[in-house]
Amino acid sequence: MKKTPLKVMIPFIISIVLVVASGFFVLKVLLNHFFVVAYASETYAPPVQKFEVLFNHPESYLPYYNLGNCYYQGGDYSTAAAYYYQALSYEDIPQDRDIPIRINLALALCYSIDFDNLKSDTDIQSALQVLYTARDILMEKGYANDEGTGTDATAQQLKEDIDKMIEKLQQQQNSNDDSNDQEQQQQEEQEKEKDQEQNQNQDQPQPMTQEEIQEIQDNRTKSANERAEEQEYYGQYDENGEETAGGSGPEHPW
């Protein structure tokens, strides 16, 4: 069997590699185009973007950003935030890509808060922590700052809106604290009044039972009988026990 010359094999192998690389590039372009069209028409296809993750190098952050956009538009803000975080985990992201990723992540975090159901202090504190995180994401690379001179106008405006939300929640938290203090004070006053009432009831004489009343009457009758007997005795006998001639005997207070 005649061997194929090496000078023929090398170009053949190079051709195969070029074909595979071209196919890889074309597939990547088609996937991106499909996503752009679907995203613009609000026909989202996260499975396509998940498949694109395998074919997107060196811009490996891009599919995660696209996936975040899919779930964001679908109202699943927690999942969207998770994909935005994944996108930011890659290094050397161009600034024109980094800014929208951070803005969308901050928005997803804000929309993940259910502002209509922040009843307890714990709920408010959790929401504040999310807002602090969203604000820090925008300020991390100077796209927004406290002086109002961030390098990106959209990020700066979003940061200021988040500050307003934080201030509103802090006011609500303070209002809840004042209300809780008032409720606690009212409870303490009610308990104090209850204790005072119990003490007053204890100080007041309790009504006598029928048995006790009968016992007192019996004792009075017994005492009266004993006094009558003593009067009769002292009327008949002197101090030495001898019978007297008469008289009623010594006077007694009874």
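Residues numbered from 1 in each chain as written. Predicted model: local features only at pLDDT ≥ 70, side-chain atom pairs only at ≥ 80, totals over all residues. Heavy atoms only, no water.

Peer 1: I would appreciate a short explanation of the confidence of the model for the chain in the present structure.
Peer 2: Note: predicted coordinates in regions of low pLDDT should not be interpreted at a detailed level. Looking at the chain as a whole, the pLDDT averages 77, with 62% of positions reaching at least 70. Predicted confidence is poor over residues 246–254, with pLDDT under 50, and the contacts of this stretch with residues over four places away or in other chains come to 10 contacts. (pLDDT = per-residue confidence, 0-100. Contact = heavy atoms within 4.5 Å.)

Peer 1: Is there a simple way to explain the pattern of salt bridges in this structure?
Peer 2: Two side chains of opposite charge can pair, provided their charged atoms sit close to one another. Overall, the coordinates contain six salt bridges when judged by the stated rule. Across the pair arginine 102 and aspartate 98 runs a salt bridge whose closest N-O atoms are separated by 2.9 Å. You can see arginine 102 and its partner aspartate 98 sitting in helix α5 (residues 95–111), four residues apart, about one turn around the helix. In terms of burial, arginine 102 and aspartate 98 fall into one category: buried. (Salt bridge = Lys/Arg side-chain N within 4 Å of Asp/Glu carboxyl O. Helix = DSSP H or I, 4+ residues; strand = E, 2+ residues; numbered from the N terminus. Buried < 20%, exposed > 50% of the residue type's maximum accessible area, 1.4 Å probe, protein only.)

Peer 1: Whenever I open this one, helix α6 (residues 121–139) confuses me. Can you help?
Peer 2: For an α-helix, 3.6 residues make a turn, and residues three or four places apart therefore share a direction. Between its first and last C-alpha atoms α6 spans 27 Å; for 19 residues at 1.5 Å apiece the expected length is 27 Å, and the two agree. Every buried residue of α6 is listed here: Ile124, Ala127, Leu128, Leu131, Ala134, Ile137 and Leu138. (Expected span 1.5 Å × (residues − 1).)

Peer 1: Could you clarify how one ought to interpret the nonpolar core in this entry?
Peer 2: When a protein is soluble and globular, its nonpolar side chains tend to lie buried together. In this structure, Tyr84, Ile101, Leu105, Leu131, Leu138, Ile162 and Leu169 are the most contacted members of the largest nonpolar core, which totals 38 residues. Mapped by element, the contributors of at least two residues to this core are α3 (61–73), α4 (77–88), α5, α6 and α7 (153–203). Considering each element in turn, this core owes the most residues, eight residues, to α5. Discounting residues that sit within four places of it in the chain, leucine 169 has contacts with Phe115, Leu118, Ile124, Ala127, Leu128 and Leu131. (Core = buried A, V, L, I, M, F, W, Y, C linked by side-chain atoms within 4.5 Å.)

Peer 1: In this structure, what is going on with a negative patch on the surface? I would like to understand it.
Peer 2: Taken together, Glu188, Glu189, Glu191, Glu193, Asp195 and Glu197 make up a surface patch of like negative charges. On the secondary structure map, glutamate 189 appears in helix α7. (Patch = residues over 30% accessible without salt bridge, like charges linked within 9 Å, V, L, I, M, F, W, Y side chains within 5 Å. Areas by Shrake-Rupley, 256 points an atom, 1.4 Å probe, with all protein chains shown as cover. Lys, Arg positive; Asp, Glu negative; His and termini not counted. Charge placed at Lys NZ, Arg CZ, Asp CG, Glu CD.)

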